[in-house]
Structures are given as C-alpha cells and as structure tokens.
Amino acid sequence: VWASKDYRTIYFTSSREGSMGARDNYKSGQKFTDIFEVTQDRKGSWSEPIPLAGGINTEEDEGASTVSMKGTDMYFTRCKAGKKVDEPCKIYYSFKKGNAWGEPVLIVIPGFDNYEVGYPALSADDKILYFSAEAPDGYGGMDLYMSTRNGNTFGRPINLGPEINTLGDEVFPTVREDGTLYFASDGHQGMGG
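Residues numbered from 1 in each chain as written. Predicted model: local features only at pLDDT ≥ 70, side-chain atom pairs only at ≥ 80, totals over all residues. Heavy atoms only, no water.

**Q** Would you mind showing me how to read the state of the cysteines here?
**A** What makes a disulfide is a covalent bond joining the sulfur atoms belonging to two cysteines. Applying the stated criterion across every chain, the model contains one disulfide. Residue Cys79 pairs covalently with Cys89 via a disulfide, S to S 1.9 Å. Measuring handedness by torsion sign, the sulfur bridge of Cys79 and Cys89 sits at about 110° and is right-handed. Here the residue Cys79 occupies a position in strand S5 (residues 73-79), and Cys89 occupies one in the loop between S5 and strand S6 (90-97), the gap between them amounting to ten residues. No difference in accessibility class separates Cys79 from Cys89, as the two residues are buried. (Disulfide = S-S within 2.5 Å. Helix = DSSP H or I, 4+ residues; strand = E, 2+ residues; numbered from the N terminus. Buried < 20%, exposed > 50% of the residue type's maximum accessible area, 1.4 Å probe, protein only.)

**Q** Any chance you could explain the sheet that holds strand S1 (residues 9-14) here in plain terms?
**A** Strand pairing in a sheet is mediated by backbone hydrogen bonds. Such pairs are either parallel or antiparallel. Taken together, three strands build an open sheet; the order of strands is S1-S2-S3 and the sheet is antiparallel. The outermost strands of the open sheet, each flanked by one partner alone, are S1 and strand S3 (50-51). (Pairing = 2+ DSSP bridges.)

**Q** Help me understand unusual backbone geometry in this model?
**A** Among all residues save glycine, negative phi is the norm, and among peptide bonds the norm is trans. Of note, Ala64 is a non-glycine position whose phi angle comes to about 40°, a positive value. Using a relative accessible area of 19% as the deciding quantity, one classes Ala64 as buried.

**Q** Got a minute to help me understand a nonpolar patch on the surface in this structure?
**A** Residues Trp2, Tyr7 and Trp46 make up a contiguous nonpolar surface patch of about 340 Å² in total accessible area. Relative to the assigned elements, Trp2 resides in the segment before S1. (Patch = residues over 30% accessible without salt bridge, like charges linked within 9 Å, V, L, I, M, F, W, Y side chains within 5 Å. Areas by Shrake-Rupley, 256 points an atom, 1.4 Å probe, with all protein chains shown as cover. Salt bridge = Lys/Arg side-chain N within 4 Å of Asp/Glu carboxyl O.)

**Q** Please clarify how the pattern of salt bridges should be interpreted in this entry.
**A** Side chains that differ in sign of charge can pair as their charged atoms come close. For the structure on display, the rule yields one salt bridge. Ionic pairing is found between Glu62 and Arg78, a salt bridge with its closest N-O pair at 2.9 Å. You can see Glu62 sitting in strand S4 (residues 61-67) and its partner Arg78 sitting in strand S5, a full 16 residues away along the chain.

**Q** Looking at this model, I keep getting lost on the packing of aromatic side chains. Mind explaining?
**A** By convention here, two paired aromatic rings are described through the distance between centres and the angle between planes. By the definition in use, this model includes eleven aromatic pairs. Their ring planes at 90° and their centres at 5.8 Å tell us that Phe112 and Phe131 sit as a pair that is edge-to-face. Placement of Phe112 in the loop between strand S8 (105-106) and strand S9 (116-122) and of Phe131 in strand S10 (residues 128-134) is noted, with a sequence separation of 19 residues between them. Comparing Phe112 with Phe131, the two get one shared label, buried. A relative accessible area of 7% means that Phe112 is categorised as buried. Among the aromatic residues, those joined into a ring-pair cluster are Phe112, Tyr115, Phe131 and Tyr145. Between Arg16 and the ring centre of Phe36, over which it is positioned, the NZ or CZ distance is 5.9 Å. The ring of Tyr92 carries the charged tip of Arg78 above its face, separated from the ring centre by 4.8 Å. (Phe/Tyr/Trp six-rings, centres within 6.5 Å; stacked < 30°, edge-to-face > 60°. Lys NZ or Arg CZ within 6 Å of the ring centre and 35° of its normal.)

So this is what it looks like as structure tokens:
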C-alpha cells in the first residue's frame, strides 16, 4: 500500500529475511510474514526494505494492511496460528507516533468475533472499512463486507451482496479515491489461472 501522500513510501507484506516470526503458517505453508517499508529518494531510487518500526510486527503473522490518507492510521491483518494455536485472523489498528507505530489494538467488528476477518481497505475519506470475512451469512468462502466508522468504533458490517460475492473467495479489496472497488476473486469468471 502507498504509505505517504507523496507516493514515496510503500508498505508491503513479506516473509523475507528479517521477519520476526520463524514458524511456518500451516494454512499457507510459508513462513510467518511481517510488514516492511521502502522509500524512494529524490533521484527515484528505492531504499532497501526494512521492517516497520514500532509494535506492529511480532512473532505472529502480520500482513495485508491499509493506511489512512494522512498516513497516521494503519489497519492490518494478524493471524495467530501454530501447533497449539488456531485463532481466526483479525484486523488490528495502530497509530503512528513520530517515525514508529504504536502498540496495535484489536478492532472489534460486531457479529464477527469468532470468524476469520482480514484484508482491510479504507475508503478515501477514511470513514468506511472494507474487509473480507468467512461468516455463515455470506455467499460462500470469504466475502467482502463494509463497516462505517463512528469515532474509534465500527458499525455492524454489511455484506456487499451477490454482484460482488460468490461461492468462492473474494479478498484483497482496494478502494480508489473515486470509490471504485477492486478485489481478487476465485469465484468470478476470469481468463484462467
């Protein structure tokens, strides 16, 4: 995701060298991931990736993030999984203080306490949180939902309906400034692969 208004900072998810988690995620079969940062200098060269400073990255699996227009608020996915732990993925929030991110707080999404929730995306005005969840009222697999922010809390989520959601998985929502929604799906007709 773009992490600055000048489009010179990008945050991305990776299991590359330097990630804090040494375990494998049994769901993906890959190493646990962290969120990294790269910045572009005035000559157009990109820096070496570094883990985000602050409390976001842990021994758990962090990734799939979105950042507010001001660049001071981040919502990201954290999964706690291992041999003795299998908790559903959840969305967390962190506020940037100076150059470091503060200690993350779990976002409580009404009605989704025991369900897999992740892949957050913010609307351009930072008032609507889009996300994927696997819940019984869905159309199948992971569905896309939206929830309106009221201060520091979110209202009851609304399923985006059968025009978007299918029997498959709809994930990785991204919302452009004009309100256009982009997402990945294995349930919509594509060109293969």
